[in-house]
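One letter stands for each residue in the lines below.
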Amino acid sequence: MTCLPPLTDLLRQLIATPSVSSDHPRHDMGNLPVVSLMANWLEGLGFSCEVLPLASHPEKANLIATLGSGPGGLVLAGHTDTVPYDDSGWDADPFTLSERDQQWYGLGVCDMKGFLALAVEAASLCRGERLQAPLILLATADEESGMDGARALVEAGKPKARHAVIGEPTNLRPVRLHKGILMDSLHVHGHAGHSSRPDLGANAIRGMHQVLDALLTHEAELAQHRCGRGFAIDHPTMNLGCIEGGDSANRIPAHCRLDVDMRFGPDDDIATLRTGLREAAHKGLTEAGCRLEPQTLFEGIPAFETAATTAIVEACEALTGHRAEAVDFATEGPFLNQLGMDTVILGPGDIAVAHQPNESLPLDRIAPTQELLRALIQRFCLTT
Ligand SMILES: [Zn+2]
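Here we summarise the structure given alongside this text. (Residues numbered from 1 in each chain as written. Predicted model: local features only at pLDDT ≥ 70, side-chain atom pairs only at ≥ 80, totals over all residues. Heavy atoms only, no water.)

## Digging into the nonpolar core
Threshold: Take the buried Ala, Val, Leu, Ile, Met, Phe, Trp, Tyr and Cys residues and link them wherever side-chain atoms come within 4.5 Å; each set so joined is a nonpolar core. Here's how the labels work: a residue is buried when its accessible area is under 20% of the maximum for its type, exposed when over 50%, partly exposed in between, all with a 1.4 Å probe on protein chains only. The contact criterion used throughout is that any non-hydrogen atoms of two residues lie within 4.5 Å.
Judged by nonpolar contacts, the single largest core of 75 residues is most densely connected at Leu74, Leu76, Leu135 and Leu137. Each residue touching Leu74, except ones within four places of it in the same chain, is listed here: Pro134, Leu135, Ile136, His163, Ala164, Val165, Ile312, Leu376, Ile377, Phe380 and Cys381. With 23 residues, the next largest nonpolar core counts Val188, Val211, Met262 and Leu285 among its residues.

Next up, the structure:
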């Protein structure tokens, strides 16, 4: 067994190792260097490490590091990838961990390499202990784009454990509910032509105007439907996120694309919502010569819900002094629940500073997180 570097060094190395993931191939990169850093540290602590490359992206892999054996046990989970960064927005190099105003700064420090470093440090407490139930560190790939890492874990049926904590930024308040997501691209195809003879073409932007009208009506109908779980917005929502069509004022546009994102509650079904969206768009489009082609942009993930009475929710509530909440952003939680774990989202960062320049983590979150992880490991691995 080797000696583990101090927390700041763990984090510095994670931040210095780029692992951007993005739907745009020009930003997307692998996460293998981050996975091998973590595997090295954890093997040094006596964990057995499995690196599972994704079939869809061989340069990306999940890491399952296990100490101990048997049923039950605790998973500490986090994604290894970050979102892309704006070159100009940062006050300092995003890949160099820096400290000022009682905060750490760096790309991923909040979302969520900070938690990964803390989890590795907490794992070192088990060195030389006899575990009653296994401790598993799970580091996933591709969370910020397609969630293909978590999907691959469900396909592989691992890891198996009873309880899980995903350290996404929640300001150290436990979360046991969040909405699901789906994303679609709606393409309107028309026919190009000279702008002086609109009658000879089929204007895809005019067609999209009708689709937009239909979607706004559909959105108003969806807003009548209650999620009933304490979300800030208590109904399914729709975001008209991106539109692109045509190229010049003197040409009839042959194509227009709209990207739509939907968020919904635990009682909603992805397939039904997607069908409803596409049917509304189809019905709306009556422009002569135009046709609609819907495409799946993000297959989607269901909403996430872990029962309030589970041991992990109760433990996280007791340790933080906060009742478990519902949030509107999504995580890999539904996939871990599908694997049979009771999962709570609970981490030191603040989602409000994630996905933007000068992402930070307050230093005063470190000690409470260390204490929390120590207590969870004690409760679920050492004394079960
Ligand atoms: Zn995240």
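## Looking at the state of the cysteines
Keep this limit in mind: What counts as a disulfide here is a pair of cysteine sulfur atoms lying within 2.5 Å.
All chains considered together, the criterion is met by 0 disulfides. The thiol of Cys381 is not disulfide-bonded; the next cysteine sulfur, from Cys126, is found 6.1 Å away.

## Points about the packing of helix α5 (residues 204-222) against helix α6 (residues 270-284)
Stated formally: Angles here are taken between N-to-C directions and fall from 0 to 180 degrees, while the axes themselves are lines fitted to C-alpha atoms, restricted in helices to the stretch in contact. In this description a helix means any DSSP run of H or I spanning at least four residues, a strand means any run of E spanning at least two, and both kinds are numbered starting from the N terminus. Roughly parallel means an angle under 35 degrees; roughly antiparallel means over 145; roughly perpendicular covers 65 to 115; every other angle is labelled oblique. Here a crossing is called left-handed whenever its near helix is offset anticlockwise from the far helix by less than a right angle, and right-handed whenever the offset is clockwise. By the convention adopted, Pro, Cys, Tyr, Trp, Phe, Met, Ile, Leu, Val and Ala count as nonpolar, Lys, Arg, Asp and Glu as charged, and the other residues, Gly among them, as polar.
Contact geometry of α5 with α6 gives a least axis separation of 7 Å together with a crossing angle of 140°. On the basis of their axis angle, the class for α5 and α6 is oblique. For the pair α5 and α6, the crossing hand works out as right-handed. Contacts from Gln210, Val211, Ala214, Leu215, His218 and Leu222 in α5 reach Leu273, Gly276, Leu277, Ala280, Ala281 and Gly284 in α6. Tallied by class, residues from the contact of α5 with α6 come to 8 nonpolar, 4 polar and no charged.

## Description of α5
We count it as follows: Expected span of a helix: the number of residues minus one, times 1.5 Å. The arc in question is the one spanned by the directions pointing from the helix axis to the C-beta atoms. Two N or O atoms form a polar contact when they lie within 3.5 Å of each other; inside protein one atom must be a possible hydrogen donor and the other a possible acceptor, and for residues adjacent in sequence the pair counts only when both atoms belong to side chains.
Look at α5: 26 Å from first C-alpha to last across 19 residues, which is about the 27 Å you get at 1.5 Å a residue. For α5, the set of buried residues is Ala204, Gly207, Met208, Val211, Ala214, Leu215, His218 and Leu222. Considered in projection along α5, the buried side chains sweep an arc of 120° and stay on one side of the axis. Residues Arg206 and His209 are exposed on α5 and point more than 90 degrees away from its buried face. Taken together, the buried residues of α5 touch β9 (180-189), β11 (237-245), β13 (255-264), α6 and β14 (291-301). A distance of 2.9 Å separates the backbone nitrogen of Ile205 from a side-chain oxygen at the start of α5, and that oxygen is part of Asn203.

## Here we look at the layout of surface pockets
This is how the line gets drawn: Only protein atoms enter the 1 Å grid used here, on which a cavity is any set of points holding a 1.4 Å probe that cannot leave and a pocket is any open set flanked by protein within 12 Å on both sides along at least five of seven lines; residues with an atom within 4 Å of a point are listed as lining. Grid points are joined across faces, edges and corners, and a volume is the space filled by probe spheres set on the points.
Taken as a whole, the largest pocket spans an internal volume of roughly 890 Å³. Lining the largest pocket we find 32 residues, and of these Asp23, Glu144, Ser145, Met183 and Arg263 sit closest to its centre. At the level of elements, β9, β11, β13 and β14 are the ones that each hand at least two residues to the lining of the largest pocket. With 5 residues, the single largest contributor to the lining of the largest pocket is β13. Across the lining of the largest pocket, the residue classes break down as 13 nonpolar, 10 polar and 9 charged.

## Quick notes on unusual backbone geometry
For the bond running from Asp111 to Met112, omega is -5°, close enough to zero to count as cis. Note that Met112 resides in helix α3 (residues 109-123). The phi dihedral of Gln102 is positive, around 60°, even though this residue is not glycine. Relative to the helices and strands, Gln102 is located in the loop between β4 (98-100) and β5 (103-105). Within the chain, Asp142 stands out as a residue other than glycine whose phi angle is a positive 70°. Inspection of the secondary structure assignment puts Asp142 in the loop between β6 (135-140) and α4 (148-156).

## Remarks on the side chain of Arg151
As for its placement among the helices and strands, Arg151 is situated in helix α4. Setting aside chain neighbours within four positions, we find Arg151 in contact with Gly146, Phe298, Glu299, Gly300, Ile301 and Phe335.

## Side note on the pattern of salt bridges
Inclusion rule: Each reported salt bridge corresponds to a side-chain nitrogen of Lys or Arg within 4 Å of a carboxyl oxygen of Asp or Glu.
With the rule as written, the count across this model stands at 21 salt bridges. Residue Asp28 is joined to Lys60 by a salt bridge in which the shortest nitrogen-to-oxygen separation is 2.9 Å. Of this pair, Asp28 sits in the loop between α1 (7-16) and α2 (32-44) while Lys60 sits in the loop between β1 (48-53) and β2 (61-67); the two residues are 32 residues apart in sequence, bridging distant segments of the chain. When its relative accessible area of 21% is taken as the criterion, Asp28 is described as partly exposed. With a shortest N-O distance of 3.1 Å, Asp267 and Arg229 are connected by a salt bridge. With Asp267 in the loop between β13 and α6 and Arg229 in the loop between α5 and β11, the pair connects residues that are 38 residues apart, well separated along the chain.

## Notes on α6
In a regular helix each residue adds 1.5 Å, so 15 residues correspond to 21 Å; α6 covers 21 Å between its end C-alpha atoms and thus fits that length. Listed in full, the buried residues belonging to α6 are Ile270, Leu273, Arg274, Gly276, Leu277, Ala280, Ala281 and Gly284. Angular distribution of buried residues about the axis of α6 spans 160°; they occupy a single face of the element. Set apart from the buried face of α6 by more than 90 degrees, the exposed residues are Thr272 and Lys283.

## A closer look at the sheet that holds strand β18 (residues 360-362)
This is how it is decided: For two strands to pair, DSSP has to find at least two bridges joining them.
As summarised here, the arrangement of the 3 strands in space is β4-β5-β18, forming an open sheet in which the pairing is antiparallel. Only two strands of the sheet have a single neighbouring strand rather than two, namely β4 and β18. Taken over all neighbouring pairs, the strand axes of this sheet differ in orientation by 25° on average, direction set aside. In terms of strand pairing, β4 meets β5 through 3 bridges, oriented antiparallel. Looking across to β5, one finds that Glu99 is bridged to Trp104.

## A look at the coordination of the zinc ion
What counts here: In this description, a donor is an N, O or S atom within 2.8 Å of the metal centre, a cutoff extended to 3.2 Å for sodium, potassium and calcium. Water is not part of the atom list, which can make sites seem incomplete. A four-donor site is called tetrahedral if each angle lies between 85 and 135 degrees; a four-donor site is square planar, and a six-donor site octahedral, when trans pairs exceed 155 degrees and the remaining angles lie between 65 and 115; all other cases are labelled irregular.
Donor atoms from the polypeptide that coordinate the zinc ion comprise His79 (NE2), Asp111 (OD), Glu168 (OE) and Glu168 (OE), at 1.9 to 2.8 Å from the metal. For the zinc ion, the 4 donor atoms in the first shell make angles of 51 to 140° at the metal, so the coordination geometry reads as irregular. In primary sequence terms, the donor set of the zinc ion follows H-x31-D-x56-E. In this pair, Asp111 is assigned in helix α3 and Glu168 in the loop between β7 (163-166) and β8 (175-178), connecting sequence segments 57 residues apart. Glu168 matches Asp111 in its accessibility class, with the two residues each being buried.

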